[in-house]
Amino acid sequence: MNSKDRKKKILLLPGDGIGPEVFAPVMKILEHIVKTGQIALEWEEGLIGGIATDRTGYPLPPETLEKADRSDAVLLGAVGGPKYDTLPYDKRPERALLGIREHLGVFANLRPARLFPELAASSTLKPEVISDLDLIVVRELTGGIYFGKPRGIFEESGVRRGVNTETYTEPEIVRILRVAFDLARKRRKRVTSVDKANVLESSALWREVAVSVHKDYPDVELSHMYVDNAAMQLVRNPKQFDVLVTGNLFGDILSDEAAQLTGSIGMLASASIGGKTGLYEPIHGSAPDIAGKDMANPLAMILSLALLFRYSLDREDLAENIESAARTVLKDGVRTVDIQGKGTKKIVGTREMGERVFSALSKS
Ligand code: NAD
């Protein structure tokens, strides 16, 4: 049997807070796509985050990793909540995020920031600055200061010192740059590499390696930008960017900034790739302030499913169907609270937004 025809398997990890709420429409969409014979797919559910700590004592139980290993892709909701904030670091739900990314070896996090024209008025920037925005942040995910050693809080002569280490090896830089250049080839062929090479040695190496990898991609334009300037340019003229590639810490910050350009954190999906199994998740957290209130925007979660079909299951058609169903609903003026603004005809909750997208999809 051709691997394309093999029944695919995915792992679903709803997690905490609004995670299970925004997951509900995803389940319905999956059931529909499978029932109508559009793909041979099966799934199982697993535990991650606070709920996993509550039930097993660990935020990332070994069983979840075993399930992930036998899956083609993992779809994750969100983790965390105030209840877990006082736990020791290794028991915190957020450690599970770093752990699963590291386990799966997904070193490249793709965060597309595409503005649905219907939402131009929801952004805090002027519509002419952001209309037709379509950029993608490629963030290195398994290296840099979030993983570098030494790390910790040390005491010397009665003075405490917090330490983290920014570190990148040449192979780590090469592989993330390749992801960015390959992606740019399918887009507008422009890569901006973001660093702080004027101050940091790890960035100086990053820049040197970027120039060298670029030699294999003469058809793609490469430019370099310091991170402070990139942060400014993202709000000044974001349409100048096509693919932005950067390290873990800078990428974490810049991708949230890019998220705001599109109106709401509730709209942005992400894909983490590079290993055998891809990981797909909205960029928002568990939003404890609105959890259980039927207020969360489920679109980032639904659009994460679209990315899963695109990058892990090679089903661009299914990805586009989902994206276009979301767009239809926005065109109809239906909005969750976070994206209300000009063009809003009806404000709905999580459940109704999910229903609307499902209905648009099942009619298409
Ligand atoms: P958050 O993303 O959960 O919330 C930030 C703000 O955005 C809140 O006002 C929230 O109500 C709003 N928001 C988030 N998602 C939304 C949605 N889908 N629809 C409408 N509004 C939405 O970030 P935070 O408040 O910094 O963190 C809350 C918890 O989530 C913490 O425990 C944090 O560690 C965790 N967290 C988890 C992830 C993840 O699972 N990937 C990411 C970030 C934060």
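Residues numbered from 1 in each chain as written. Predicted model: local features only at pLDDT ≥ 70, side-chain atom pairs only at ≥ 80, totals over all residues. Heavy atoms only, no water.

(A) Here's a closer look at the overall build of the protein chain. Looking only at helices and strands, the protein chain has 12 helices and 14 strands in total. Its C-alpha atoms give the protein chain a radius of gyration of 20 Å, near enough to 21 Å, the size a compact globule of 364 residues would have. Summarising its shape, the C-alpha atoms of the protein chain cover approximately 60 × 50 × 50 Å along the three principal directions. A separation of at least 24 residues holds for 74% of the contacts in the protein chain among residues at least 6 apart in sequence. Total accessible area on the protein chain stands at roughly 16200 Å², and carbon and sulfur atoms take up 52% of it. (Helix = DSSP H or I, 4+ residues; strand = E, 2+ residues; numbered from the N terminus. Rg over C-alpha atoms; globule rule 2.2 N^0.38 Å. Contact = heavy atoms within 4.5 Å. Areas by Shrake-Rupley, 256 points an atom, 1.4 Å probe, with all protein chains shown as cover.)

(B) Just the packing of aromatic side chains, in detail. Scanning the model with the defined rule gives 2 aromatic pairs in all. For the pair Phe181 and Tyr217, a centre-to-centre distance of 4.8 Å together with 20 degrees between the ring planes defines the contact as stacked. Of the two residues, Phe181 is situated in helix α6 (residues 170-185) and Tyr217 in the loop between α7 (201-214) and β9 (221-226); the sequence distance between them amounts to 36 residues. For the residue pair Phe181 and Tyr217, the accessibility class agrees, reading buried in each case. In this structure, Arg92 is placed above the aromatic ring of Tyr89, and the distance from its NZ or CZ to the ring centre is 4.8 Å. (Phe/Tyr/Trp six-rings, centres within 6.5 Å; stacked < 30°, edge-to-face > 60°. Buried < 20%, exposed > 50% of the residue type's maximum accessible area, 1.4 Å probe, protein only. Lys NZ or Arg CZ within 6 Å of the ring centre and 35° of its normal.)

(C) Examining the packing of α6 against α7 more closely. At a minimum axis distance of 9 Å, the contact between α6 and α7 shows a crossing angle of 50 degrees. Between α6 and α7, the angle is such that the two are oblique. Between α6 and α7 the crossing geometry is right-handed. On α7, the residues that touch Glu170, Ile173, Val174, Ile176, Leu177, Arg178 and Phe181 of α6 are Leu205, Trp206, Val209, Ala210, Val213 and His214. Of the residues belonging to the contact of α6 with α7, the class tally is 10 nonpolar, 1 polar and 2 charged. (Axes fitted to C-alpha atoms, helices over the stretch in contact; angles between N-to-C directions. Parallel < 35°, antiparallel > 145°, perpendicular 65-115°, else oblique. Left-handed = near helix turned anticlockwise from the far one by under 90°. Nonpolar A, V, L, I, M, F, W, Y, C, P; charged D, E, K, R; others polar.)

(D) Spotlight on the side chain of Glu140. Turning to its location among the elements, Glu140 is positioned in strand β5 (residues 134-140). Reaching out from Glu140, the side chain makes a polar contact with the backbone nitrogen of Gly143 at a distance of 2.7 Å. Here Glu140 is in contact with Phe107, Tyr168, Arg175, Ile176, Trp206, Thr246, Gly247 and Asn248, once residues within four sequence places are set aside. (Polar contact = N/O pair within 3.5 Å; in protein donor to acceptor, adjacent residues only side chain to side chain.)

(E) Quick look at the sheet that holds strand β3 (residues 73-78). Ordered by their spatial adjacency, 10 strands build an open sheet running β2-β1-β3-β12-β11-β4-β5-β10-β8-β9, and the pairing between neighbours is mixed. Both outer strands of the open sheet, β2 (41-45) and β9, are each paired with one neighbouring strand and no more. For this sheet the average axis-to-axis angle between neighbouring strands, irrespective of direction, equals 20 degrees. Where strand β8 (residues 190-195) meets β9, 6 bridges bridge the pair, whose relative direction is parallel. Within β9, the position partnered with Ser193 by the bridge is His224. Those strands touched by α6 are β4 (108-114), β5, β8, β9 and β10 (243-246), and its axis lies near 165 degrees from that of β5. (Pairing = 2+ DSSP bridges.)

(F) Quick peek at the pairing of β4. Across the 7 residues that make up β4, a large majority, 6, are buried. Sheet topology note: the β4/β5 ladder contains 7 bridges and is antiparallel. In the strand pairing of β5, Pro112 is matched with Ile136. In the sheet, β4 pairs with strand β11 (residues 269-273) via 3 bridges, with the strands oriented antiparallel. Considered in β11, the bridge of Ala108 is made with Ile273.

(G) Seen up close, the site of the ligand. Around the ligand lies a shell of 20 residues, among which Val79, Glu94, Gly285, Ala287 and Asn297 are the nearest. Val79 is positioned such that a nitrogen or oxygen atom in its backbone is 2.9 Å from an oxygen atom of the ligand. Interatomic distance of 2.8 Å between a backbone N/O atom of Ala287 and an oxygen atom of the ligand. For the ligand, whose free accessible area comes to 810 Å², the fraction covered by protein is 69%. Partitioned by chemical class, the residues of the shell around the ligand number 9 nonpolar, 7 polar and 4 charged. (Near = heavy atom within 4 Å.)

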